[in-house]
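Descriptive analysis of the structure
The chain contents come next:
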Amino acid sequence: MDLYYRPGSAPCRSVLMTAKALGVEFDKKTIINTRAGEQFTPEYLKINPQHTIPTLHDHGFALWESRAIMVYLVEKYGKDDKLFPKDVQKQALINQRLYFDMGTLYKSFSEYYYPQIFLKKPANEESYKKIEVAFEFLNTFLEGQTYSAGEDYSLADIAFLASVSTFDVAGFDFKRYANVARWYEHAKKLTPGWEDNWAGCQEFRKYFDN
Ligand SMILES: N[C@@H](CCC(=O)N[C@@H](CS)C(=O)NCC(=O)O)C(=O)O
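In the annotation of an unreviewed UniProt entry, the entry for the protein chain reads Glutathione S-transferase 1-1, and the organism field reads Drosophila mauritiana. The protein chain has a UniProt comment under Subunit (unreviewed entry) that states "Homodimer."

1. Topic: the nonpolar core
One broad trend across soluble globular proteins is that nonpolar side chains are buried collectively. If you look at the biggest cluster of nonpolar residues, it comprises 65 residues, and the most contacted ones within it are L73, L105, Y113, F135, L155 and V164. Inspection of this core shows a minimum of three residues originating in each of domain 1 (2-77) and domain 2 (88-206). Ignoring anything within four residues of it in the chain, the contact list for F135 reads L105, V164, F167, F172, F174, Y177 and V180.

2. What about the pairing of strand β4 (residues 61-64)?
Of the pairings in the sheet, the one linking strand β3 (residues 55-58) to β4 comprises four bridges and is antiparallel in character. Across the sheet, the residue bridging to D58 is F61, located in β4. The turn joining β3 and β4, which pair antiparallel and follow one another in sequence, is formed by two residues; a positive phi near 45° is taken by H59.

3. Digging into the side chain of Q39
For Q39, the position within the fold is in the loop between β2 (28-31) and α2 (42-47). Once residues lying within four places of it in the same chain are set aside, the contact partners of Q39 are I32, N33, T34, Y44, L45 and H51.

4. Some remarks on the domain arrangement of the protein chain
Taken domain by domain, the protein chain holds domain 1 (2-77) and domain 2 (88-206). Computed over C-alpha atoms only, the centres of domain 1 and domain 2 are separated by 20 Å. Of the residues lining the interface, 16 residues belong to domain 1; the matching set on domain 2 comes to 22 residues. Across the interface of domain 1 and domain 2, roughly 1600 Å² is buried in total on both sides, 69% from carbon and sulfur atoms. Joining domain 1 to domain 2, the criterion identifies two salt bridges. Residues K20 and D196 are paired through a salt bridge, measuring 3.9 Å at the closest nitrogen-oxygen approach. The tally of links from domain 1 across to domain 2 stands at six residue pairs in polar contact (both at pLDDT 80 or more). Counted by class, the side of domain 1 that touches domain 2 contains seven nonpolar, three polar and six charged residues.

5. Structural notes on the layout of surface pockets
The calculated volume of the largest pocket comes to roughly 620 Å³. In this structure, the largest pocket is lined by 24 residues; those nearest its centre are S9, P11, T52, I53 and Y114. Of all the secondary structure elements, the ones that give two or more residues to the lining of the largest pocket are α1 (10-22), α3 (66-77), α4 (88-118) and α8 (194-209). Among the residues making up the lining of the largest pocket, the classes are represented as eleven nonpolar, eight polar and five charged. Roughly 330 Å³ of volume is contained in the second largest pocket. The wall of the second largest pocket is formed by 17 residues, among which L16, M17, K20, K29 and D196 lie closest to the centre.

6. Observations concerning the UniProt feature "domain: GST C-terminal" (unreviewed entry) in the protein chain
Per the UniProt record, "domain: GST C-terminal" (unreviewed entry) is found at residues 87-208. The span residues 87-208 shows a helical share of 75% and a strand share of 0%, and its end C-alpha atoms are spaced 42 Å apart.

7. Some words on the packing of aromatic side chains
If you walk through the whole model with that rule in mind, you get 32 aromatic pairs. Measuring from centroid to centroid gives 5.0 Å for F174 and Y184, while their planes differ by 85°, and the two rings are edge-to-face. Residue F174 is located in the loop between α6 (155-170) and α7 (178-190), and its partner Y184 is located in helix α7; the two are separated by ten residues in the primary sequence. Just as F174 is buried, Y184 falls in that class too. Here the guanidinium or amino end of R97 rests over the ring plane of F141, the centre of that ring lying 4.3 Å away. Between the NZ or CZ atom of R205 and the centre of the ring of F208, over which it lies, the distance is 4.4 Å.

Criteria and cut-off values
- Residues numbered from 1 in each chain as written.
- Predicted model: local features only at pLDDT ≥ 70, side-chain atom pairs only at ≥ 80, totals over all residues.
- Heavy atoms only, no water.
- UniProt positions renumbered as here; feature names shortened; annotations may be inferred.
- Core = buried A, V, L, I, M, F, W, Y, C linked by side-chain atoms within 4.5 Å.
- Buried < 20%, exposed > 50% of the residue type's maximum accessible area, 1.4 Å probe, protein only.
- Domains from an automatic or database assignment.
- Contact = heavy atoms within 4.5 Å.
- Pairing = 2+ DSSP bridges.
- Helix = DSSP H or I, 4+ residues; strand = E, 2+ residues; numbered from the N terminus.
- Buried area = accessible area lost by both parts, 1.4 Å probe.
- Salt bridge = Lys/Arg side-chain N within 4 Å of Asp/Glu carboxyl O.
- Polar contact = N/O pair within 3.5 Å; in protein donor to acceptor, adjacent residues only side chain to side chain.
- Nonpolar A, V, L, I, M, F, W, Y, C, P; charged D, E, K, R; others polar.
- 1 Å grid on protein atoms, 1.4 Å probe; cavity = no way out; pocket = protein on both sides within 12 Å on 5 of 7 lines; lining within 4 Å.
- Points joined across faces, edges and corners; volume = space filled by probe spheres on them.
- Phe/Tyr/Trp six-rings, centres within 6.5 Å; stacked < 30°, edge-to-face > 60°.
- Lys NZ or Arg CZ within 6 Å of the ring centre and 35° of its normal.

Right under this line is the structure:
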């Protein structure tokens, strides 16, 4: 089973943390330098016509979208269902958080920071407010909660950790969201692969300066 990825990329980091938590090893890990356009080679487009990373290639089966990959890894290779329980309501809550992470929280990151990092555009106040709204929601989800989706540590915590650490390394002051700050400190300690994730964040940080 092969993974195409880049160490700095937040969606790639959440897949790597999931694999580590499951004890899953990839046969081959191939770095795709998206800034150099390596995702547009005919070979890569054949595997993933949407040309995104991460992409998993499991003996002829190709899958992209990080959160779909995370779920696949648990369901296919997990020794148990702890990170993504089979219980319908527990699973539904985790899915809600994963969709929130993709469609609201990380989206707010990409809308505010990507134009500044990759297009060297000025900061946009409206986009910044969307980050604040997303963090207010996350802070509310975490009120009185140790974990981000229900009573147990799950894929939701791994996905949020990849996203929140990216805000962290970008210098966004999320510590004012007390529940998020408390959860973050705890989730870091619980997550195998946190150190590698943080090293990946430092790689991402370099994009700000180049
Ligand atoms: N929602 C996707 C986002 C994937 C994505 O946009 N990845 C970026 C790198 S962080 C990428 O592949 N960019 C290159 C491209 O789209 O051509 C996921 O979670 O996997």
